[in-house]
Amino acid sequence: MTQPYNHIAIIGIGLIGSSLALATKRILPDTHISLYDHADDVRAEAGQLGLGTEIHDQISTAVSNAELVVLAVPVGAMAEVMAELADSLKPDTVITDTGSTKRSVIKDISPLVPDDCHFIPSHPLAGTEFSGPASGFATLFEKRYWLILPNGNEQIKIDRLAGYLGALGAMVEFMDTEYHDRVLAITSHLPHLIAYTIVGTAVDLETQLKEDVIKYSASGFRDFTRIAASDPTMWRDVFINNDEAVLEMLQRFTEDLSYLQRAIRWKEKDKLFELFTRTRDIRRSIIDMGQDS
Ligand code: NAP
């Protein structure tokens, strides 16, 4: 397979950064992969795991020869990282990010991008509750959507990035910034907020009850604990940076919850049955689209 980029740099060697390195190494083995993370232990572990071609101690040397720079750090750290590396980029370098929120990242990064470079925001809709360099795996992006936000860039640059992500097995689609943040607020951010809340409620129960909740946890609660085990830094940043869309979806959710509360109180069986039937159809559609692992 012809490689879209000869040299890529990945900043942040956590779940997403290490998975991207492993996928690139496996599918495009001639691509030079430079890796950088600010934590010494993360860089050492990445070296032991053989994640890239080179692990750099300095962000400047990691990016200086790259044609594509991928920012795979928490969204709250994007601006700091972009500011650190901006002066070391060669002309015509494409920068993309993997951040879970887009409006905030575009606002933070855009003013720092040199005039002769190109920022094409993106977001892989793939992940797990694990973090760190050892959590990555080469097939994470296979048959998963990877959204690109064109952000006014030349089509040839966008096509090249899409070609690279597509080569890794991702299904590339294009999306507008505001729409992205609203869709993700309901499909990803609100479910995480609900999981954190339910597990937090259990944590606050009196000791005996809490122990029994853990001991007898059936699949419902267990599934929530998996989601609520997700990285605290990443998710803190997501809620702070997609506050508007999350609050809008939370408002709608609260209204729908009150409707259910009322239906239970007044024993409105038909209302409950009708809603639970509709939601079952959504589950079937997700399976039909091959988006359940
Ligand atoms: P992660 O496993 O926590 O990895 C992020 C890495 O970046 C960590 O090693 C972190 O080090 C490092 N880092 C933080 N600040 C840095 C800085 N200023 N300079 C250099 N390195 C820095 O996170 P992830 O799950 O890979 O997520 C990365 C990005 O992808 C986030 O923006 C997230 O929103 C997005 N994303 C995540 C998922 C998911 O399911 N996890 C899915 C799609 C998109 P420390 O931990 O020492 O700070």
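Above this text you will find the structure in question.
Residues numbered from 1 in each chain as written. Predicted model: local features only at pLDDT ≥ 70, side-chain atom pairs only at ≥ 80, totals over all residues. Heavy atoms only, no water.

## Side note on the overall build of the protein chain
Here's step 1: What the protein chain contains, in helices and strands, is twelve helices and nine strands.
Here's step 2: Over its C-alpha trace the protein chain gives a radius of gyration of 21 Å, about what one expects of a compact globule, namely 19 Å for 293 residues.
Here's step 3: Viewed in the frame of its principal axes, the protein chain has a C-alpha envelope of about 65 × 40 × 35 Å.
Here's step 4: Looking at the protein chain as a whole, 42% of its 293 residues are labelled buried.
Here's step 5: Put simply, the protein chain shows about 15,800 Å² of open surface, and 55% of that area lies on carbon and sulfur atoms. (Helix = DSSP H or I, 4+ residues; strand = E, 2+ residues; numbered from the N terminus. Rg over C-alpha atoms; globule rule 2.2 N^0.38 Å. Buried < 20%, exposed > 50% of the residue type's maximum accessible area, 1.4 Å probe, protein only. Areas by Shrake-Rupley, 256 points an atom, 1.4 Å probe, with all protein chains shown as cover.)

## Considerations on the pairing of strand β5 (residues 94-97)
Here's step 1: By the alternation rule, side chains of β5 split into Val94 and Thr96 and Ile95 and Asp97, which are all buried.
Here's step 2: Where strand β4 (residues 68-71) lies against β5, four bridges are found, and the strand directions are parallel. Across the sheet, residue Val70 finds its bridge partner in β5, namely Thr96.
Here's step 3: The parallel pair β4 and β5 is bridged by helix α4 (residues 78-85), and the resulting crossover is right-handed. (Pairing = 2+ DSSP bridges. Right-handed = clockwise from strand over helix to strand, strands pointing away.)

## Section: the site of the ligand
Here's step 1: Leu15, Ile16, Asp37, Val73 and Ser100 are the nearest of the 28 residues found near the ligand.
Here's step 2: Here an oxygen atom of the ligand sits 3.0 Å away from a polar atom, N or O, in the main chain of Leu15.
Here's step 3: In the model, an oxygen atom of the ligand is placed 2.7 Å from a nitrogen or oxygen of the Ser100 side chain.
Here's step 4: Relative to its free-state accessible area of 880 Å², the ligand is covered by the protein chains to the extent of 85%.
Here's step 5: Every element with two or more residues in the shell around the ligand is listed here: α1 (15-27), α4 and β7 (122-124).
Here's step 6: Here the shell around the ligand gets three residues from one element, more than from any other, and that element is α4.
Here's step 7: Classifying every residue of the shell around the ligand gives 14 nonpolar, eleven polar and three charged. (Near = heavy atom within 4 Å. Polar contact = N/O pair within 3.5 Å; in protein donor to acceptor, adjacent residues only side chain to side chain. Nonpolar A, V, L, I, M, F, W, Y, C, P; charged D, E, K, R; others polar.)

## Digging into the nonpolar core
Here's step 1: Counting 34 residues, the largest nonpolar core has Ile10, Leu20, Leu68, Phe141, Leu161 and Tyr164 as its most contacted members.
Here's step 2: Put simply, the parts of the chain that give this core at least two residues each are β1 (7-11), α1, β2 (32-36), α2 (40-49), β4, β8 (145-148) and α6 (155-167).
Here's step 3: Broken down by element, the residue count for this core peaks at six residues, all from α6.
Here's step 4: If sequence neighbours within four positions are ignored, Tyr164 has contacts with Pro4, Tyr5, Ile8, Leu20, Thr24, Leu28 and Leu68.
Here's step 5: Val63, Leu85, Val105 and Ile106 belong to the second-largest nonpolar core, a separate cluster that totals 25 residues. (Core = buried A, V, L, I, M, F, W, Y, C linked by side-chain atoms within 4.5 Å. Contact = heavy atoms within 4.5 Å.)

## Thoughts on the sheet that holds β7
Here's step 1: Across the sheet, three strands lie side by side as β7-β8-β9; this open sheet has mixed pairing. Edge positions in the sheet fall to β7 and β9 (171-174), since each has one partner strand and no second. When the angles between neighbouring strand axes are averaged without regard to direction, this sheet yields 20 degrees.
Here's step 2: Inspection of the sheet shows β8 paired to β9 by four bridges, in the parallel sense. Note on β9: the bridge partner recorded for Trp146 is Val172. (Axes fitted to C-alpha atoms, helices over the stretch in contact; angles between N-to-C directions.)

## Thoughts on α6
Here's step 1: Spanning 13 residues, α6 covers 18 Å between terminal C-alpha atoms, matching the ideal 18 Å at 1.5 Å per step.
Here's step 2: Within α6, burial applies to Lys157, Ile158, Leu161, Ala162, Tyr164, Leu165 and Ala167.
Here's step 3: Positioned one or two residues after α6, Gly169 has a phi angle of 100 degrees, which is positive. (Expected span 1.5 Å × (residues − 1).)

## Looking at the packing of aromatic side chains
The geometry of an aromatic ring pair is captured by two quantities: the separation of the ring centres and the angle between the planes.
Here's step 1: Counting across every chain of the model gives three aromatic pairs.
Here's step 2: Ring centres of Phe141 and Trp146 lie 4.8 Å apart, and the angle between their planes is 50 degrees; this geometry places the pair in the tilted category.
Here's step 3: Accessibility expressed as a relative area gives 1% for Trp146, which makes it buried. (Phe/Tyr/Trp six-rings, centres within 6.5 Å; stacked < 30°, edge-to-face > 60°.)

## Some remarks on the packing of helix α11 (residues 243-265) against helix α12 (residues 269-288)
Here's step 1: Orientation of α11 relative to α12, taken along the N-to-C sense of each, is 135 degrees, at an axis distance of 8 Å. Regarding the angle of α11 to α12, the classification is oblique. Contact residues: α11 offers Tyr259, Leu260, Ala263 and Ile264, while α12 offers Lys271, Leu272 and Leu275.
Here's step 2: For the contact of α11 with α12, the class distribution of residues is six nonpolar, no polar and one charged. (Parallel < 35°, antiparallel > 145°, perpendicular 65-115°, else oblique.)

## Quick word on the environment of Met249
Here's step 1: Note on placement: Met249 falls in helix α11.
Here's step 2: A relative accessible area of 9% means that Met249 is categorised as buried.
Here's step 3: Sequence separation between Met249 and Leu190 is 59 residues, and the spatial gap between their C-alpha atoms is 7.3 Å.
Here's step 4: Excluding its chain neighbours within four sequence positions, the residues that come into contact with Met249 are Arg182, Ala185, Ile186 and Leu190.

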